[in-house]
Structure formats: C-alpha cells, structure tokens
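Structure at a glance
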Amino acid sequence: MNNIWFQGGRAALLSLALAAGWAAAADKVVSIGYQAPLTGEYAQYGTLFRNSANQAVAEFNQSHRLPGVRVEVKFEDSKGDAKEGVNIARKFSDDRSIVGVIGDFSSTVSIAAGKVYAETHVPQLSQTASHPDFVKISPWQFRNITTMAYEGPYTANWVHDTGAKRAAIVAIQNDWGQSAAQEFAHGFTADGGQVVTTEFFNPGTRDFRAIITKIARQKPDVIYLAQFYEDGAAFLQQIRQLGVKAPLFGASSLDEQKLIQLAGPAAEGLRLPTSFDLNSQVPNVKHYVEQYRALYHTEPNQFAAQAYDATNILLDAIVKGGGAGATRQSVRDALAATKDFPGVTGITTFDPVTREPTKSQTRLVVQNGQFVPVASTKA
Amino acid sequence: MFDAFFFQQVINGLSQGLVYALMAIGFTLIFGVLNVVNFAHGELYMLGAFAGLLVIQAFAPPLFVVLLLVVAVGLVSGVLLERIAFRPLRRFADEASLKSKAIREATLLSSLAISIVVRELVSNLFGSNMQTIPQQYLLMTPITLGPLTFASGQFVIFGFALAMLLALQWFLFYTRSGLSVRAVASNLTGALHVGIDIQRTIVLTFMLGAALGAVSGFLVGLYTGNIFPAMGFGAGIKAFVAMVMGGLNSIPGAIVCALILGLSESIATEYIPQGWADLISYGLLLLTLLFFPNGIFGGRRERV
C-alpha cells in the first residue's frame, strides 16, 4: 500500500520535473551528485534522503531563483558499502556537470568517499555523518548534523538546570553510543554533576532488567539514555515495570513517533533535544512537512529533514557561487561561508575554521503520547 | 544481610532463564527424537508471536483464547515444517539411510533454509521493525512484594514452563503416544520392527515442539514488549546453548541449564559491564563441554 503511494508520489514528482524541463529546454543544467544507500540494510534512510532532495530541487527549479539554469540531482546507490562509496566518488568526480555532492549516510562510507573528493576537489556535504574525523579529511568536507560533542553538553546543561546532581548513563555499545555517553559525561561533570555509573549494552539486547536493577542500586537523580528507539522502547517499559522513578533524558536519536507507539504510557515524561520538530508551527517547517506528505503520503522525520536542508544549503551555495557559472571551488567557498541558514532543522552556521555546523536545538518532552516542545528557559 | 537489589537481580536472572528454558523445551524435544537440530525453531517462536499479535489486532479476544489460537498455529506449522524440510529427506526406512549422517546434515540445512525464507517473508510482509503491542496485553504489570518487583509475565512464564514440563513428562511416560515417542527416540529401527508408526510419531513430535515454540515466542514477546521478525535468532542461540549444556536430549537438563544461564548473566551484570554477560554463557558452555562432554545431564542411552 505504502509502496503504491510512494510510486504515485514519485511519478507526480517526475512529471513535474519533466514539465519544468520541457518549459526550459534551453536552460543550462547544473548537477548535484547524491550518494546514499538506496538498497540494502539502510535503504529506508536512502529513500528518505531521495524524497527530500527531489522535493527541494523541484521547489528550487520552480522558484526561478536562477533564471536560465536548471538544477538536477544524480543519485547513485552506495548500498551502505564503503567500496561502492569510493566508486561513486570517482564517477561523480569525473562528471564535470557536478558542482557538489551530498552524502553518504554513515560516517564510514562518507569518510571513504570523502578521501576521493579531497583529492579531486569536489565539495561534499553529508546530511548525517557525525563522526568527528569526517570534516577533518580536507577543506572540502561539510556536514549538516550536529555531533554529540555539541548535543551531549547541551543536554547535560539542561539536566543540570533541573537540579539533578547524580546521573546514570545507559548507552548502546558502538562508536556512536560511546561518544554520546562520553560527551554527556564531560558536559555533566563540567557543570558540577556526578556520573554515578555508565552502563553499555550490546546492540540487540532486549531485556534491560539486570542493568536497571544495577542502576537502581546507585539511586541516581536522572538517567540519560543514548539508545535508538527499539532499545529505548523496551528500556522505558521495563524501567517503569521495575518501579524506578528517576526522570529520564534521552539523546535526539530517540525522537521517533514509533518510540511512543511501542512504549505507550511508559514513554511519558521522557525529555530529549531535537533539531527537527514534525509538529512545529514555524512556516518553513510547516511548508516542508505538508509538501512532503502531499508528495509521498508519509511523514518525514529528522533524517528526511536533514537531507532537505543539506540539499537547500548546497543549492544556496550554487546560487552564491555564481549560478550558471558556479564551479566546484566557488561552491565550496560559498558553502564554507554559510551563515544563519534558515532550514527546517534549525538555523545553521558553518564554523569558518572547523567547518563544524552549529544549530539551534529544541527541547521536547513526551506528554499525553506526543512530543511537545518545552519552553527553553525552564525544564 | 538482606540486599534487596541482589535478590531483585536473582529474580531478573531466573525469569530470563525461564525465557531461555521455554524455547529450549521444544528444541530439545525434537532433537531428542530425531537427533537432528531444527534450525527453524527460532522462526516457529517468531511465527507464534506474530500469529498472536495478528489475532489480538483483529479480534482483541481474552488472552486465553489468543493462546489457544497460537497453539493451533504452532501445531499446523509443525506439520508443515516436517512435511517441507524433513520428510522429503527421510525417504528410505531402511536402517542404513536412517542412520546416515548425510541425511542428518541435509535436514539441518533444509531447516536453516526454511528459517531464512520464513524470516524474510515475514520481514517483507510486516517490515523488519518492532511491532506495536496493545498495552492491555503486555505482561508487564508491576507486582511489588516489599522491596522486590515482579512483572505479571514472570508468573505467567513460570507457570507455563512448569505446566509444560509436568505435562510433557506425563505425556512421555504415561501415555501410549508418549511411549512411542520415547521408543522412536531411543531406537528408531527397533521401534520400526515392533510396529510403531514412525511417521505418525515424528509428526506428533514436531507438532508438540512447534506448538511449544510458538507459545513461548508469544508469551516472551508480551513479556519483553518485543515482537519483530528476527526475534527468534538471539533466543534460539541461548536455547541451543542450554540444550547442549543439558546434554542435548534431556528436557529437565535443558531447563536447569537455561536457568543457570539466565541467573549467571544477570548476577554477572552486577560486577561486570552488561556487554560482557554473553561471555559468561559461552564460557559456561565451553567449561561444560570440557568437563562433561555429554552435557551435565546427558550421557544416558535413552533420549528425551
């Protein structure tokens, strides 16, 4: 069923793009390369990225911000595989119509491809690669996602404001989970708090009762969860069943409607930061969400929103980098100068030196089965 | 000194052990009779959970009725599994082919193939994400006794495991069908020669094992709040470890070893990071195989 809607949406979009192309057959074409996992284990993410990128480019071409120029996106499927990522990077580098590349999804593939782009001097903007080393490859790498180095201390600060002094951390045992736990702990101890215990669990763990009992012994004021929604849902249900009442804070990775569906009432009161709020009343977010629903008949999430912003940031850099005359160098320089870009995932500025993005984050709390924004001054 | 947290950990461990035990019972039953590993047991477990969930979503009947329907799905899938993955490879009833290693390995692979096909089919139909379970069916209602907290599911699973064990022992030792199951397990050719309907007995074993697997998957799904297509794999590995430790063919042995596994994992979490707790189970398996090559409860001639 979903698939039919999806196909329908895509067909509508394609005919839209074709119509635009028909009307402006003589336009100069500027291309964006987009590498993402369109098949394989992470295909659901690649699909979100493609939807959002197509939407952003169609809107851009309709807006006639660059008269006489038509932008098109060339998608390549990296299958979530670093080797494929490198091959695509070579292909995109050889394609002279491409002035900038978006992708890949994971840090691993983005870094592998990034090494090629560093040599061939193609600006690369990843919507999701959050590994600290990614932007350190060369001056040609950018990302539209805040790393845990920003989010951890941000949440720690929020926890500290609630008066909590002793925190327990539960994190998934992988690169991301470790950095999330570490960054939160740094921020929290810097604010004068104490981390009473940090518990890592193996991916795939579904029974957290032993960990919860171990944490309960330490009597923490709050518990910080660096998990994904599947683990998070099971954890929330089990912690409430074991009667542990400590307030819960989570990483933005838990910002999924599915978490509330799975955990039900156990999710109530969970607090987490996010850069994308589906129910936001801010006009550009509302516009994006409505258009996305209309085109694809499904809800966008924060991953889709990050791809939408990444595409728009690159389109903006193409305009500022000379439009029809934009080169890879001019697009890179325009990207590096991105300042106060008003996206659907908050206002983005790239640091001119480190190229790390800063974004405004929103605080959410689960109330009556909904993620509700918290006024930023009080918890 | 009474340490409530430690006792809570013991409770967590015993209930985790019961979860492993539930699955190990059906696994061991089929192994004991046929001497083949049924790699599709984890998928029977998953199918039971999905069948239960579909029934709940469609009619929302009382839990007891759902259980009966899950049992029915389990029985039917046991028959189908035997028909598709085991019977075609057991064509000859003569002694040589029944004892042939090639047949044993072929069924091992065919059951593995079935398990992959079933898991992928279910992922394609329902998606590989976790399924939402209606709150009122979750077996997670807290029950507090002083400083200790139990979940309703722990009692349900304990009661079910105990009932299964007793019923199975009664069936195997006091009924005519049970006697023939034990006869086939003990000596297939001998059973053939005294006129036991081997085909019927094997199908019966599969039906029982599969129904046990299906109900366990459903109950554990409600207790942990996790129903998803790959759920059988992790549980299957622990059940397999319990079965090997228990001696491959002793049902009480598998249950005791499953409890030891769950208990040692949860108590180990008190002292070492939880990520290392799996190491404890595999370490125990290794020690068992080094010092009791036939398993702690194995080594007797009669299987089951």
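It should be emphasised that the depicted structure is a prediction, and the values quoted were computed from it without experimental measurement.

Details of the overall build of chain A
If you tally the helices and strands in chain A, you get 12 helices and 15 strands. Here the C-alpha radius of gyration of chain A, 21 Å, is about what a compact globule of 379 residues would show, namely 21 Å. Out of the 379 residues belonging to chain A, those deemed buried represent 57%. Look at the contacts in chain A between residues 6 or more apart in sequence, and 68% of them connect residues 24 or more apart. Of the roughly 15,000 Å² of accessible surface on chain A, 55% is carried by carbon and sulfur atoms. Each charge sign in chain A was given a centre, from 35 positive and 35 negative side chains, and these centres are 2 Å apart.

Description of the sheet that holds strand β1 (residues 28-36) of chain A
Residue and element names in this part refer to chain A. With respect to topology, 5 strands assemble into an open sheet ordered β2-β1-β3-β4-β5, the strand pairing being parallel. Among the strands making up the open sheet, the edge pair consists of β2 (69-77) and β5 (141-143). Within the sheet, the average angular offset between the axes of one strand and its neighbour, ignoring direction, is 25°. Strand direction decides the pairing type here: β1 and β2, joined by 9 bridges, are parallel. Looking at β2, one finds that Gly-33 is bridged to Lys-74. Against the sheet, helix α2 (residues 43-63) engages β1 and β2, with an angle of about 170° to β2.

What about the packing of aromatic side chains?
Residues and elements named next belong to chain A. All chains considered together, the criterion is met by 22 aromatic pairs over all chains. Here the aromatic rings of Phe-49 and Phe-105 are separated by 5.9 Å at their centres, their planes lie at 50°, and the arrangement is tilted. Separated by 56 residues along the polypeptide, Phe-49 in helix α2 and Phe-105 in the loop between β3 (98-102) and α4 (107-120) bring together distant segments of the chain. Ring geometry for Phe-208 versus Phe-235: centroids 5.4 Å apart, planes at 70°, classification edge-to-face. Note that Phe-208 is positioned in the loop between β7 (194-201) and α7 (209-218) and Phe-235 in helix α8 (residues 229-241), a separation of 27 residues in sequence.

Overview of the sheet that holds strand β12 (residues 346-350) of chain A
Residue and element names in this part refer to chain A. An order of β11-β12-β13 is seen for the 3 strands of this open sheet, with the pairing classed as antiparallel. Edge strands, defined here as strands with exactly one partner in the open sheet, are β11 (341-343) and β13 (357-358). Summarising the sheet, β12 and β13 pair through 2 bridges and their orientation is antiparallel. Each residue of the ladder has a partner; that of Thr-349, found in β13, is Thr-358.

Digging into a nonpolar patch on the surface
All names here are of chain B. On the surface, a cluster of nonpolar side chains totalling about 860 Å² of accessible area is made up of Val-256, Ile-260, Leu-286, Leu-287, Leu-290, Phe-291, Phe-292, Ile-296 and Phe-297. Broken down by secondary-structure element, the contributors of at least two residues to the nonpolar patch are α11 (251-271) and α12 (277-291). Per-element accounting of the nonpolar patch gives the leading share, 4 residues, to α12. By secondary structure assignment, the location of Ile-296 is in the segment after α12.

A look at the pattern of salt bridges
Once the charged atoms of two side chains with opposite charge are near each other, the side chains can pair. All names here are of chain A. All chains considered together, the criterion is met by 19 salt bridges over all chains. Put simply, Asp-81 and Lys-83 hold a salt bridge, and the shortest N to O gap is 3.8 Å. Residue Glu-199 is joined to Lys-214 by a salt bridge in which the shortest nitrogen-to-oxygen separation is 3.1 Å. Placement of Glu-199 in strand β7 and of Lys-214 in helix α7 is noted, with a sequence separation of 15 residues between them. Neither Glu-199 nor Lys-214 differs from the other in exposure class; each is buried. Sharing partners across several salt bridges, the network here consists of Arg-65, Asp-316 and Lys-320.

Here's the deal with the packing of helix α10 (residues 283-296) of chain A against helix α11 (residues 302-320) of chain A
Residues and elements named next belong to chain A. Between α10 and α11, whose axes approach to 12 Å, the crossing angle comes to 110°. The orientation of α10 relative to α11 falls into the category roughly perpendicular. Within the contact between the two elements, α10 uses His-287, Tyr-288 and Tyr-292 and α11 uses Ala-304, Ala-305 and Tyr-308. Of the residues in the contact of α10 with α11, the class split is 5 nonpolar, 1 polar and no charged.

Topic: the nonpolar core
Core analysis: the biggest nonpolar cluster contains 117 residues, and Ile-223, Leu-236 and Leu-270 of chain A have the highest contact counts within it. For this core, the element with the most residues is helix α1 (residues 4-34) of chain B, which contributes 11 residues. The contacts of Leu-236 of chain A, once residues within four sequence positions are left out, are Leu-225, Leu-248, Leu-259, Ala-263, Ala-266, Ala-267 and Leu-270 of chain A. Counting 45 residues, the second-largest nonpolar core is a separate cluster that includes Leu-66, Phe-276, Phe-303 and Ala-317 of chain A.

Looking at α7 of chain A
Residues spaced three or four apart along an α-helix face the same direction, because each turn holds 3.6 residues. All names here are of chain A. Burial within α7 is extensive, with 8 of its 10 residues counted as buried. Looking at α7, one finds that the buried residues are Arg-209, Ala-210, Ile-211, Ile-212, Thr-213, Lys-214, Ile-215 and Ala-216. With its phi angle positive at about 45°, Lys-219 sits one or two positions after the end of α7.

Analysis parameters
The numbering scheme is per chain: residues are counted from 1 as the chain's sequence reads. Numbering of ligands from 1 and lettering of chains from A proceed in the order in which they are written. Residues qualify for local features only when their pLDDT is at least 70, as the model is predicted, and side-chain atom pairs are given and counted only at 80 or more; totals for whole chains, interfaces and linings, by contrast, use all residues. Hydrogens and water are ignored here; the side-chain numbers use all heavy atoms of the structure. Only DSSP runs of H or I with at least four residues qualify as helices, and only runs of E with at least two residues qualify as strands; both kinds are numbered from the N terminus onward. All radius of gyration figures rest on C-alpha atoms, and the globule criterion is 2.2 Å times the number of residues raised to 0.38. The buried label goes to any residue with under 20% of its type's maximum accessible area, the exposed label to any with over 50%, and the partly exposed label to all in between, with areas taken from a 1.4 Å probe on protein chains only. Any pair of residues with heavy atoms lying within 4.5 Å of one another is described as a contacting pair. Values of accessible area rely on a 1.4 Å probe in the Shrake-Rupley scheme; residue burial ignores everything except the protein chains shown. When charges are counted, Lys and Arg are positive and Asp and Glu negative, with His and the chain ends excluded. Charged groups are reduced to one reference atom each: NZ for lysine, CZ for arginine, CG for aspartic acid, CD for glutamic acid. Here, a strand pair is defined by DSSP locating no fewer than two bridges between the strands. Fitted lines through C-alpha atoms serve as axes, helices being fitted only where they are in contact, and the angles separating the N-to-C directions of these axes extend from 0 to 180 degrees. Geometry of aromatic contacts follows a simple scheme: Phe, Tyr and Trp rings, the Trp one being its six-membered ring, pair when their centres are within 6.5 Å, and the pair is stacked under 30 degrees between planes, edge-to-face over 60, tilted otherwise. Like charges within 9 Å and nonpolar side chains (Val, Leu, Ile, Met, Phe, Trp, Tyr) within 5 Å are joined into patches, using only residues over 30% in relative accessible area that form no salt bridge. For this document, the term salt bridge refers to a Lys or Arg side-chain nitrogen within 4 Å of an Asp or Glu carboxyl oxygen. The scheme is simple: roughly parallel for angles under 35 degrees, roughly antiparallel for over 145, roughly perpendicular for 65 to 115, oblique for anything else. Residue polarity follows a fixed list, in which Ala, Val, Leu, Ile, Met, Phe, Trp, Tyr, Cys and Pro are nonpolar, Asp, Glu, Lys and Arg are charged, and the others, Gly among them, are polar. To define a nonpolar core, start from buried Ala, Val, Leu, Ile, Met, Phe, Trp, Tyr and Cys residues and group those joined through side-chain atoms within 4.5 Å.

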